[in-house]
Amino acid sequence: MKIAVCIKRVPDSEARIKIGSDGKEIDGSGVKFVLNPYDEYAVEEALKLKGAAGAGEVVAVSLGTDAAQETIRTALAMGADRGILLKADNAGVDPLPAARVLAAELGEGGYDLILLGKLAIDDYSQAVGTMVAELLNLPCVSAITHLDITDGKGKAEREIEGGVEVVEFELPAVLTAEKGLNEPRYPALRGIMLAKKKPLEVKDVTLDPGGLEVLKLALPAERKAGRIVGEGPEAVPALLDALRNEAKVL
Amino acid sequence: MANVLAVLEQRGGALKSVSHEALTAARSIADGLGGEAHALVVGPAGTSGGGLGEYGADKVYLATDDALKLYQGDQYAQLAADRVNGGDYEAVILPATALGKDLGPRLAAKLGCPLVADAISVAYEGGIVVSRPVYAGKAIYTLKITAAPSVICIRPSAVTPAPATRDGTVEEIAASSQAGKAKPATTVEVKQPERAAVDVAEASVVVSGGRGLKEAENFKLIEELAEAMGAAVGASRAVVDAGWRPHAEQVGQTGKTVSPNLYFAIGISGAIQHLAGIRTAKVIVAINRDRDAPIFKVADYGIVGDLFEVTPKLTEEVKKMLEG
């Protein structure tokens, strides 16, 4: 089974976000970057599927700057076989140009399955995976928490408000991974050593500008610290009084 | 003249309240453009498109077929794309629900147009200007849309449905399309949980627990308070990673972003990624034994104390209050 996993280099979820001097981008200095957590589930699922099939290839594809090579190496250390960096300076804020570049690469690969994280924790669009599927005219299930594949047919589950959708599809297909799909492995030392020697191809790509213009990027209004209404269970009546009469939310 | 299309969401043939929010947003953009607000309703036979003039729809396009009872992403996207291509639309608005977050990008890809996911505001200022959180709300973009049409998903509760008086004329349209994928995916069923729970992302009150509960069993304290308040149960990343709670309950940057009227953080210290997910809650209450916990810096009200004493007392008093 030949599987592509799309991965992205993003600021760590514990990172404090600072706005750059242009007021339109973040200031990435001093920020720790990681493999997007949702992409870890996608990589893990690809490795599991390849293992279950007994043969195949897992290709980690990333759209990003040169620094994303490190992110690809992380996926290779987890067990992916090779990497492709689609090198571009800036992915922009409109998800479609990024999806187009990925689809152009993935459409050429003859993949049985294309996996992505359900969203990247930086832009939070939750769009590129489903867009890639549409551009390639492939069936798609987004934000899956469960997957079975047998004889070229798949069944996936995705959580919706108050329920779980069960979706059936045929391969080739595009799936995006939600937390809960699996427990991603940590790269072992041996994997990290092997990853250094795995092939990583770099291709220059150009994104079209998209249809969104950034007017500004700003930090949200800080919440003001409120007050401690008291200590221990004795403070409960004062809390409820404040919620009912002051905040008027009860 | 350019119009705006709101793609509405139904469950079992009944429209969800987020649909009225999307329609209200479409109405306000249409007013800015001097055009019409249209609604597209896709659902099983018997789904009604009536009464939507009261939320500002000039026209309602209704596509019904029992095969469309459950959300079928491929068909829904094709029907929506056909409608947009058949009219003069400046923008398409969907609710940023599980359905909208799947359908919006599909539609934008089919139309080859920009997508704004999870907008928290939409306005017409000589062009459509939207704001949307990134980094789970740690920063907010203000964006101007420079192409038409565009697809905009609006976060639930970001818009308050506003009454309007429009015709809301219903026109039935074909529920199948000639175009579409050779092998579409098919939603075969929706599994309902044994106990109907309020989803943490949609609830107006959320009671969340963290590592301070010490072990999974103690979450019953959280469940009891949530039940007394008719609230959804939420959880911190630490307790989800520990396997105490399902990830569907996780609140924060790698979980759900919530905007309830009232949020209880119990035994949650307040890691940055958790705070990012609750920033837009109206009122935050923290219960924690550590007076210096970061959660108190964002909480509107706090009680410093042992959650094993405070929480049961709170449940008891809430029950009394709501019964009395």
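Position numbers for residues count from 1 along each chain, tracking the sequence in the order it is written. To label them, take the chains in the order written and letter them from A, then take the ligands in the order written and number them from 1. Under the rules for a predicted model, residues below a pLDDT of 70 receive no local features and side-chain atom pairs below 80 are neither given nor counted, while totals for whole chains, interfaces and linings still include all residues. The side-chain values count all of the structure's non-hydrogen atoms but skip hydrogen atoms and water molecules.

Q: Explain the packing of aromatic side chains to me, and be specific about the residues and the numbers.
A: Note on ring pairs: Phe, Tyr and Trp rings are taken, using the six-membered ring of Trp, and paired if centres are within 6.5 Å. Classes follow the plane angle, with under 30 degrees stacked, over 60 edge-to-face and the rest tilted. Scanning all chains against the criterion turns up two aromatic pairs over all chains. An angle of 85° between the planes, with centres 5.0 Å apart, marks the rings of tyrosine 71 of chain B and tyrosine 76 of chain B as edge-to-face. Just as tyrosine 71 of chain B is buried, tyrosine 76 of chain B falls in that class too. Here the guanidinium or amino end of lysine 2 of chain A rests over the ring plane of tyrosine 111 of chain A, the centre of that ring lying 4.9 Å away. Over the ring of tyrosine 61 of chain B we find arginine 83 of chain B; its NZ or CZ atom is 3.7 Å from the centre of that ring. Here the term buried applies to any residue with accessible area under 20% of the maximum for its type, exposed to any over 50%, and partly exposed to those in between, with areas from a 1.4 Å probe on protein chains only. Either the NZ atom of lysine or the CZ atom of arginine qualifies as a charge over a ring when it sits within 6 Å of the ring centre and within 35 degrees of the ring normal.

Q: Give me the lowdown on the domain arrangement of chain B, citing residues and values where you can.
A: Residue and element names in this part refer to chain B. What fixes the domain bounds is an automatic or database domain assignment. Along its sequence, chain B is organised into domain 1 (3-172) and domain 2 (205-323). Every contact between the two is made by five residues of domain 1 and, on the other side, eight residues of domain 2. Accessible surface is computed with a 1.4 Å probe, and the buried area is the amount of it that two parts give up when combined, taken over both parts together. Contact between domain 1 and domain 2 buries roughly 560 Å² in total, counting both sides, with carbon and sulfur atoms accounting for 51%. It is Ala136, Lys138 and Arg155 in domain 1 that bury the most area against domain 2; as a group they hold 78% of the surface buried on that side. Salt bridge criterion: a side-chain nitrogen from Lys or Arg within 4 Å of a carboxyl oxygen from Asp or Glu. Scanning the region where domain 1 abuts domain 2 turns up zero salt bridges. Two N or O atoms count as a polar contact when they lie within 3.5 Å, although within protein this holds only if one can serve as hydrogen donor and the other as acceptor, and sequence-adjacent residues are included solely when both atoms are side-chain atoms. Here domain 1 and domain 2 share two residue pairs in polar contact (both at pLDDT 80 or more) between them. Residues were grouped as follows: Ala, Val, Leu, Ile, Met, Phe, Trp, Tyr, Cys and Pro as nonpolar; Asp, Glu, Lys and Arg as charged; and all remaining residues, including Gly, as polar. Split into classes, the residues belonging to the side of domain 1 that touches domain 2 amount to two nonpolar, one polar and two charged. For this analysis, residues touch if any pair of their heavy atoms sits within 4.5 Å.

Q: Outline the pairing of strand β14 (residues 205-209) of chain B, listing residues and values.
A: Residue and element names in this part refer to chain B. Buried residues dominate β14, accounting for five of its five residues. Two strands qualify as a pair provided that DSSP identifies no fewer than 2 bridges between them. Strands are runs of DSSP state E lasting at least two residues, helices are runs of H or I lasting at least four, and both sets are numbered from the N terminus onward. Inspection of the sheet shows β14 paired to strand β16 (residues 262-266) by five bridges, in the parallel sense. Residue pairing in the sheet places valine 205 in a bridge with leucine 262 of β16. Sheet topology note: the β14/strand β15 (residues 232-235) ladder contains four bridges and is parallel. Directly across from valine 207, in β15, lies its bridge partner valine 233.

Q: Outline the pattern of salt bridges, listing residues and values.
A: One pass over the full model with this rule turns up 41 salt bridges over all chains. Between glutamate 161 of chain A and arginine 11 of chain B there is a salt bridge whose closest N-O contact spans 3.3 Å. Placement of the pair is glutamate 161 of chain A in the loop between β8 (153-160) and β9 (163-170) and arginine 11 of chain B in strand β2 (residues 10-11), with the two residues belonging to separate chains. According to the relative accessible area criterion, arginine 11 of chain B is partly exposed, its value standing at 34%. Lysine 181 of chain B serves as the salt-bridge partner of aspartate 74 of chain B, at 2.6 Å between the closest nitrogen and oxygen. Here aspartate 74 of chain B, found in helix α2 (residues 73-85), pairs with lysine 181 of chain B, found in the loop between β12 (169-172) and β13 (186-191); they are 107 residues apart in sequence, far enough to count as distant.

Q: A description of the interface of chain A and chain B should follow, citing residues and the corresponding values.
A: Taken together, the contact between chain A and chain B spans 85 residues of the former and 95 residues of the latter. Interface area, chain A with chain B, both sides summed: about 7,600 Å², of which 58% is carbon and sulfur. For the pair chain A and chain B, the number of links is ten salt bridges. Lysine 181 of chain B is the partner of glutamate 134 of chain A in a salt bridge, and the nearest nitrogen-oxygen pair spans 3.0 Å. With eight residues, β9 of chain A is the largest single contributor of residues to the side of chain A that touches chain B. When the residues that make up the side of chain A that touches chain B are grouped by side-chain class, the tally is 44 nonpolar, 15 polar and 26 charged. Where β9 of chain A and β13 of chain B come together, five bridges link them in antiparallel fashion. Paired with glutamate 165 of chain A across the bridge in β13 of chain B is valine 190 of chain B.

Q: Can you tell me about the environment of isoleucine 160 of chain A, naming the residues and giving the values?
A: Examined against the element boundaries, isoleucine 160 of chain A turns out to sit in strand β8. Sequence-wise, isoleucine 160 of chain A and alanine 75 of chain A are 85 residues apart; in three dimensions their C-alpha atoms are separated by 29 Å. Setting aside its immediate chain neighbours within four residues, isoleucine 160 of chain A contacts Glu165 of chain A together with Arg11, Ala98, Val190 and Asp199 of chain B.

Q: Report on unusual backbone geometry, specifying residues and quantitative values.
A: For the peptide bond that leads from leucine 171 of chain A to proline 172 of chain A, omega is -5°, which places it in the cis range. Its location among the elements puts proline 172 of chain A in the loop between β9 and β10 (173-177). Here alanine 148 of chain B and proline 149 of chain B are connected by a cis peptide whose omega angle stands at 0°. Positive phi values are uncommon outside glycine, yet lysine 248 of chain A reaches one of about 55°. The residue lysine 248 of chain A is located in the segment after α6 (236-246) in this model. For lysine 214 of chain B, which is not glycine, the phi dihedral falls at a positive 75°.

Q: Residues and numbers for the packing of α6 of chain A against helix α8 (residues 307-323) of chain B, please.
A: Note on geometry: axes are C-alpha line fits, over the in-contact stretch for helices, and angles between N-to-C directions span 0 to 180 degrees. At their nearest, the axes of α6 of chain A and α8 of chain B sit 10 Å apart, and the two run at 50° to each other. The angle between α6 of chain A and α8 of chain B falls in the class oblique. By crossing handedness, the relation of α6 of chain A to α8 of chain B is classed as right-handed. Contacts between α6 of chain A and α8 of chain B involve Val236, Leu239, Leu240 and Arg244 of chain A from the first element and Val310, Lys313, Leu314, Glu317, Val318 and Met321 of chain B from the second. Grouping the amino acids of the contact of α6 of chain A with α8 of chain B by side-chain chemistry returns seven nonpolar, no polar and three charged. To sort the angles, those under 35 degrees are grouped as roughly parallel, those over 145 as roughly antiparallel, those from 65 to 115 as roughly perpendicular, and the leftovers as oblique. Note on convention: the crossing is left-handed when the near helix lies turned anticlockwise from the far helix by less than a right angle, right-handed when the turn is clockwise.

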